[in-house]
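A look at the structure
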Amino acid sequence: RMVRSIQASLDYYTQQFGPYPHGQLRFVEQPGDGVSLHASPVNISYEEGFSLLNPGGDPRNIDLPFAVVAHEVAHQWWGATLTPAPVEGAAVLTESLAWYSALQVVERTLGREHLRRLLSMMREVYATPRTRAEVPLLRATDSSFLTYRKGPFAMYALREYAGAEQVNTALRRLLERHGSGTPPLATSLDLYRELQAVIPQSLHYLLVDLFEANTFWELATQRVTAKQTETGTWQVTLDVKTRKVVVDTAGVETEVPMDDLIEVGVFTAAKAGGPGEPLYLQMHRVRSGEHRITVMVASKPARAGIDPRNLLIDVEGDDNLKEITRAEGQKR
């Protein structure tokens, strides 16, 4: 399992970010019942407890060892090849980019549904009560929440909005300009500039929300109805409530005007713990407040919601999707 992840990771990272810079890669087991790993150039060490993990017994059906190994191999680029300057934001260039890279390896090798389950597990951190007072991601240091969770989520959201090729192009350019290990060393501002250069101007507001500001979206689907038309298609109506706030380091929340692109999704009946197959998944321009959104789908829907994949930072993400209520007058 570990070797499969190593091979898949080396293949993908070499293709996307450039050649692996060494002639070998070693995984070294050391005594201990812990499950932690540590990546250095060439050598990645892990405690023997890690090799005793049993993904086959995971009720969430997640191959966590595969994902963690992909994360550690990614450090051969993010941390070893690219050495960040020891300033605010340094951990974004190592931990956040390593996890973002690993997510892509998981998706490419194990499939999009496996990635969905892994992301769902990673978002469980939101269930832990915490203050929203925090520095923006560009200034993150070693906070495990910011760099191991919010950072990868921000990069993944950007990929889903702008495209993987655009985001990976920015990362390649970052490595080309700062991967020598010699001064000037890279900072999170260098990453931000590379992203600004490739992300469409229409999405620069999202860059600000994800990286420059400590932004939270409050998105909720209040009610969903569906009605079959005479032609056999289904009209789905969603009543949603949306709000966006910026929180400073003292915890003061400021509501900001919202005119954002947000994904709206309609799905078939859920199966195996998932939301079902998507019948409709499109971006809509949404402002703050209460709204009614109507879309048409070809088959019978079961659930619908706003930002159904939790792409944006929404602490209460469980209220994004709702079961559909049968409408009056539905064709039998």
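Quick caveat, the model's predicted, so the values are computed rather than measured. (Residues numbered from 1 in each chain as written. Predicted model: local features only at pLDDT ≥ 70, side-chain atom pairs only at ≥ 80, totals over all residues. Heavy atoms only, no water.)

Take the sheet that holds strand E3 (residues 43-47) next. With mixed pairing, the three strands of this open sheet are ordered in space as E1-E3-E2. Edge positions in the open sheet fall to strand E1 (26-30) and strand E2 (37-39), since each of these has one partner strand only. Taking the axes of each pair of neighbouring strands and ignoring which way they run, one obtains an average angle of 20° across the sheet. Both E2 and E3 contribute to a ladder of three bridges, which runs antiparallel. From the neighbouring strand, Leu37 faces E3, where its bridge partner is Tyr46. Contacts between helix H3 (residues 64-74) and the sheet are confined to E1, E2 and E3, with E2 contributing the most and set at about 25° to the helix. (Pairing = 2+ DSSP bridges. Helix = DSSP H or I, 4+ residues; strand = E, 2+ residues; numbered from the N terminus. Axes fitted to C-alpha atoms, helices over the stretch in contact; angles between N-to-C directions. Contact = heavy atoms within 4.5 Å.)

What follows deals with the pattern of salt bridges. Counting across every chain of the model gives 24 salt bridges. Note that Glu88 is salt-bridged to Arg139, the shortest N-O span being 3.3 Å. With Glu88 in the loop between H3 and helix H4 (90-110) and Arg139 in the loop between helix H5 (112-122) and helix H6 (144-162), the pair connects residues that are 51 residues apart, well separated along the chain. Glu194 is the partner of Arg177 in a salt bridge, and the nearest nitrogen-oxygen pair spans 2.7 Å. Placement of Arg177 in helix H7 (residues 164-178) and of Glu194 in helix H8 (residues 188-198) is noted, with a sequence separation of 17 residues between them. According to the relative accessible area criterion, Arg177 is exposed, its value standing at 52%. (Salt bridge = Lys/Arg side-chain N within 4 Å of Asp/Glu carboxyl O. Buried < 20%, exposed > 50% of the residue type's maximum accessible area, 1.4 Å probe, protein only.)

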